[in-house]
Amino acid sequence: MGCRCIEAEAGMLGQPSYFPTPEVIGVKLTGSFPEATTATDLALKVTQVLREKNVVGKFVEFFGPGLTEMPLADRATISNMAPEYGATCGFFPVDEETLDYMRLTGRSEEQIQLVKEYLQKNDLFYTPDQEDPAFTQLVEIDLSDLEPNLSGPKRPQDLIPLSNMKESFNKALTAPAGNQGFGLDEKDKEKEAVVKFNDGGETTMKTGALAIAAITSCTNTSNPHVMLGAGLLAKKAVEKGLEVPSYVKTSLAPGSKVVTNYLENSGLMEYLNKLGFNLVGYGCTTCIGNSGPLLPEIEEAIADSDLTVSSVLSGNRNFEGRIHPLVRANYLASPPLVVAYALAGTVDLDLLNEPLGQDADGNDVFFKDIWPSSDEIKSEIEKVVTPEIFRKEYEEVFDSNEEWNKIQTTDEPLYEFDEDSTYIQNPPFFEEMSKDPKEVAPLEGLRVVGKFGDSVTTDHISPAGAIPKDMPAGQYLMEKDVSPRNFNSYGSRRGNHEVMMRGTFGNIRIRNEIGGGKEGGFTTHWPTGDVLPIYDAAMRYKEEDTGLCVIAGDDYGMGSSRDWAAKGTDLLGIKTVIAQSFERIHRSNLVMMGVLPLQFQKGDTIESLGLTGEEVINVEVNEDVKPHDLVKVTATNDQGETTEFEVVARFDSDVEVDYYRHGGILPMVLRNKLQTVEK
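Below you will find a few notes about this structure. Since we're looking at a predicted model, the values are computed, not measured. (Residues numbered from 1 in each chain as written. Predicted model: local features only at pLDDT ≥ 70, side-chain atom pairs only at ≥ 80, totals over all residues. Heavy atoms only, no water.)

**Comments concerning the overall build of the protein**
So, point 1. When helices and strands are counted, the protein shows 24 helices and 23 strands.
So, point 2. For the protein, whose C-alpha radius of gyration is 26 Å, the value lies close to the compact-globule estimate of 26 Å for 679 residues.
So, point 3. For the protein, the spread of C-alpha atoms along the principal axes amounts to about 75 × 65 × 55 Å.
So, point 4. Considering only contacts within the protein whose residues lie at least 6 apart along the sequence, 73% involve residues at least 24 apart.
So, point 5. Of the roughly 30,400 Å² of accessible surface on the protein, a fraction of 47% belongs to carbon and sulfur atoms.
So, point 6. Positive and negative side-chain charges of the protein, numbering 63 and 108 respectively, have mean locations separated by a distance of 1 Å. (Helix = DSSP H or I, 4+ residues; strand = E, 2+ residues; numbered from the N terminus. Rg over C-alpha atoms; globule rule 2.2 N^0.38 Å. Contact = heavy atoms within 4.5 Å. Areas by Shrake-Rupley, 256 points an atom, 1.4 Å probe, with all protein chains shown as cover. Lys, Arg positive; Asp, Glu negative; His and termini not counted. Charge placed at Lys NZ, Arg CZ, Asp CG, Glu CD.)

Here you go:
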């Protein structure tokens, strides 16, 4: 289940978490995995299916005979995609496989039997012969229909069968700019760039060239089936004499040190290393935008030629601008497919029918020649994935990281902020906070700072990756004598509100329809008509004592929970977001930061109401507002003509109205604490 950072912060201060009783969607899995398919393929398929079913704000339970031979690691891979398919959570019932996993990870038989007995007595232990539970809605997926899949080039739910990948990429190139298209010309397909390396070497990259191949993400890279599968594929490729092209940046970021252990014990790490999949660390890497720079020669060649290059990664998210600023086409795939595409060096290839390369004798080597069988993978798992490696790693988990343990700490109750730090600063969330909350009052004289279409993600709103030097956050860091090579990423500097608010709506691929035709975080300041970075415009509006609003289409705030997407929105002075629909976590986060989420009524859109973004917006909200009340909005253009319409106040519970009245959950918790102390 996704936990919001803002909610967690309040929870640490004793605030309960509230949400409405959810609908529960049942996903019945039947059949079994065909040869050459993985849990990643199923996770991507589930994401496509459940996005179409609109499970936002709902629980999803997986059950059925398909669970019989499904390892727990596969189930975790599927559950971990819940934010991508939009659910509050995705879960599997506890069964014998769960108990077997407890044994595998070193739990005692006494503990395992206690768990089983407790669940059985509470009718929570699952067996395949049970009657199907009653659900709000039932969805069936036959595992036998699965095939190897990718998703992309911009969203996890846009499924692409491996057999259609080449065709899909070429179609996306010339499709209208949007979630599944780049809006390029046919001639762009023929582009190429010559890369001249500093060591004297030279290579050519063409449209679709693979710039990044990353085995990354938390659950894919903790799944022995796909990780050992990637290792076996690498071994076969090396034995066939295949190599990864010099322009592909490869990396390996396992989910835990247990994975490193079994890759080394199996002897497969050697082959991954030979293909350039060297260990770069643990935790969030390319999946969250921490791909790091490409070689300067490669970045220069891509930029100079305006070349559309690609990435393939085993992560959960591939939203625009997330993976790397210069990589436009980003695809999710299983770890073995990541290695296969690294060898191919391009996504503009029919991986099933065109050769990946040639062996030492000049014979073509095809995908089928190096893909490991299920039996080979299972055999390897049985040999190297044992309870002993889990016990060994987790017995030392608190002592093994010497660098972490060297960090000096104190027992002081208050954190001492370093005013010169560019990583951690004291945020202004409690500045000018009154002792008592104010009444909910109408929002008047708002200016539109952002007018967006569908599927604006939290990555669009608050990017986690590279910080551009020519935008407000980069300029701030340079003013603090931080050189661009030491910018690090937005994600690493999220303890500094000065960086994060400057990066809000700063994604290089965001398309603001009132941004003067520029791609990236720009807007038009009204009424001057000046086109500025959104941060700069927001600060000008602040000087003018003008509140702001955002208008948008469907699925606003989809993707990561990303607390700074709401925090940054608040700090920019945005009072309300009016959208056709919201992703659950981001809508809730907005309320928790004192930003009013409003939803167009069914049938109303930005286009149908004729909103241009130049209007002055008034919202007639008041102290009497209740969850899902209709609220009147008046939009007045510069000729004085008005458009009136009603929207839904997207408070989903009475407590959310209280959060909003207090200006957010954190001021509310602090006020409650002060009242307790005074008593």
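**Some details on the sheet that holds strand 22 (residues 630-636)**
Consider a sheet: its strands pair through backbone hydrogen bonds, and that pairing is either parallel or antiparallel.
So, point 1. Sheet architecture is closed into a barrel: seven strands sit in the order 15-18-19-20-23-22-21, paired in mixed fashion. Averaged over all adjacent pairs, the angle separating strand axes in this sheet is 35°, with direction ignored.
So, point 2. As defined by bridge partners, strand 19 (residues 574-579) adjoins strand 20 (residues 596-600) across four bridges and the pair is classed as parallel. When the sheet's bridge partners are listed, Ala579 is paired in strand 20 with Gln599. (Pairing = 2+ DSSP bridges. Axes fitted to C-alpha atoms, helices over the stretch in contact; angles between N-to-C directions.)

**Considering the environment of Thr30**
So, point 1. Of note, Thr30 is situated in strand 1 (residues 24-30).
So, point 2. Separated by 110 residues in sequence, Thr30 and Glu140 have C-alpha atoms that sit 7.6 Å apart.
So, point 3. Other than its neighbours up to four places away in sequence, Thr30 contacts Pro65, Gly66, Ile141, Asp142, Leu143 and Ser144.

**Notes on the side chain of Ser421**
So, point 1. By the secondary structure assignment, Ser421 is in the loop between helix 16 (402-405) and strand 15 (443-451).
So, point 2. Of note is the side chain of Ser421, whose polar atom sits 3.1 Å from the backbone nitrogen of Tyr423. (Polar contact = N/O pair within 3.5 Å; in protein donor to acceptor, adjacent residues only side chain to side chain.)

**Structural notes on the sheet that holds strand 1**
So, point 1. The strand order across the open sheet built from four strands is 3-2-1-4, with neighbouring strands paired in parallel fashion. Looking at strand neighbours, the two that pair on one side only are strand 3 (89-91) and strand 4 (137-142), the edges of this open sheet. Strand after strand, the sheet turns through a mean of 20° between neighbouring axes, direction not considered.
So, point 2. Pairing of strand 1 with strand 4 involves six bridges; the strand directions are parallel. Each residue of the ladder has a partner; that of Lys28, found in strand 4, is Glu140.
So, point 3. Packed on one face of the sheet, helix 2 (residues 39-53) meets strand 1, strand 2 (59-63) and strand 4 and runs near 150° to strand 4.

**Details of a nonpolar patch on the surface**
So, point 1. A contiguous nonpolar patch, built from Tyr415, Phe417, Tyr423 and Ile424 and spanning about 380 Å² of accessible area, is present on the exposed surface.
So, point 2. Within the fold, Phe417 resides in the loop between helix 16 and strand 15.
So, point 3. The exposure class of Phe417 is partly exposed, given its relative accessible area of 35%. (Patch = residues over 30% accessible without salt bridge, like charges linked within 9 Å, V, L, I, M, F, W, Y side chains within 5 Å. Salt bridge = Lys/Arg side-chain N within 4 Å of Asp/Glu carboxyl O. Buried < 20%, exposed > 50% of the residue type's maximum accessible area, 1.4 Å probe, protein only.)

**Some words on the packing of helix 21 (residues 563-571) against helix 22 (residues 584-592)**
So, point 1. Relative orientation of the contacting elements helix 21 and helix 22 amounts to 40°, with a least axis distance of 9 Å. Judged by the sense of rotation from one axis to the other, the crossing of helix 21 with helix 22 is right-handed. Residue-level inspection shows Asp563, Ala565, Ala566 and Thr569 of helix 21 in contact with helix 22, the latter providing His586, Asn589 and Leu590.
So, point 2. Of the residues contributing to the contact of helix 21 with helix 22, the split by class is three nonpolar, three polar and one charged. (Left-handed = near helix turned anticlockwise from the far one by under 90°. Nonpolar A, V, L, I, M, F, W, Y, C, P; charged D, E, K, R; others polar.)

**Concerning the packing of aromatic side chains**
Both the distance between ring centres and the angle between the ring planes are used here to describe each pair of aromatic rings.
So, point 1. For the structure on display, the rule yields 10 aromatic pairs.
So, point 2. The interplanar angle of 75° and the centroid separation of 6.4 Å between the aromatic rings of Phe62 and Tyr85 together place this pair among those described as edge-to-face. One end of the pair, Phe62, is in strand 2; the other, Tyr85, is in helix 4 (residues 82-85), and 23 residues separate them in sequence.
So, point 3. Judged by its relative accessible area of 0%, Phe62 falls in the buried class.
So, point 4. One aromatic cluster in this structure is built from Phe62, Tyr85 and Phe92.
So, point 5. In this structure, Lys518 is placed above the aromatic ring of Phe522, and the distance from its NZ or CZ to the ring centre is 4.5 Å.
So, point 6. Directly above the aromatic system of Trp564 lies the positively charged group of Lys567, at a separation of 5.6 Å from the ring centroid. (Phe/Tyr/Trp six-rings, centres within 6.5 Å; stacked < 30°, edge-to-face > 60°. Lys NZ or Arg CZ within 6 Å of the ring centre and 35° of its normal.)

**Section: helix 21**
So, point 1. Across the nine residues of helix 21, eight count as buried, placing the element largely inside the fold.
So, point 2. Where helix 21 is concerned, the buried positions are Asp563, Trp564, Ala565, Ala566, Lys567, Gly568, Thr569 and Leu571.
So, point 3. Looking at the packing, one finds that the buried side of helix 21 touches helix 1 (5-12), helix 17 (458-461), helix 19 (497-503), helix 20 (534-543), strand 19 and helix 22.
So, point 4. Looking at the residues trailing helix 21, positive phi occurs at Gly573, about 90°.

**Regarding the nonpolar core**
So, point 1. By size, the foremost hydrophobic cluster in this structure holds 107 residues, and its most contacted members are Tyr85, Tyr262, Phe277, Val339 and Leu351.
So, point 2. The contacts of Val339, once residues within four sequence positions are left out, are Ile215, Ala230, Leu233, Ala234, Leu272, Leu275 and Phe277. (Core = buried A, V, L, I, M, F, W, Y, C linked by side-chain atoms within 4.5 Å.)

**Here's the deal with unusual backbone geometry**
So, point 1. That bond from Gly152 to Pro153 is cis: its omega, 10°, falls within 30 degrees of zero.
So, point 2. Its place among the elements puts Pro153 in the loop between strand 5 (149-151) and strand 6 (159-161).
So, point 3. Residue Asp545 is not a glycine yet carries a positive backbone phi of 60°.
So, point 4. Tracing the sequence through the fold places Asp545 in the loop between helix 20 and strand 18 (548-552).

**Examining the pairing of strand 9 (residues 210-215)**
So, point 1. Within strand 9, six of the six residues are buried, which leaves it mostly tucked inside the rest of the structure.
So, point 2. With four bridges joining them, strand 9 and strand 11 (residues 309-313) adopt parallel strand pairing. Residue pairing in the sheet places Leu210 in a bridge with Ser310 of strand 11.
So, point 3. In this structure, strand 9 lies alongside strand 10 (residues 249-252), joined through four bridges in parallel fashion.

**A word on the pattern of salt bridges**
A side chain with one charge may pair with a side chain of the opposite charge, provided their charged atoms come close.
So, point 1. This model, assessed by the stated rule, comprises 40 salt bridges.
So, point 2. For the salt bridge of Glu23 with Lys58, the shortest nitrogen-to-oxygen distance reads 3.7 Å. Taken together, the residues Glu23 in the loop between helix 1 and strand 1 and Lys58 in the loop between helix 2 and strand 2 connect sequence positions 35 residues apart.
So, point 3. Residue classification places Glu23 among the partly exposed residues on the basis of a relative accessible area of 38%.
So, point 4. A salt bridge links Glu320 to Arg511, with the shortest nitrogen-to-oxygen separation between them at 3.1 Å. With a gap of 191 residues between them, Glu320 in the loop between strand 11 and strand 12 (327-332) and Arg511 in the loop between helix 19 and strand 16 (522-525) connect regions that are remote in the sequence.
So, point 5. Through salt bridges that share partners, Lys154, Glu320, Arg509, Arg511 and Glu519 make up one connected network.

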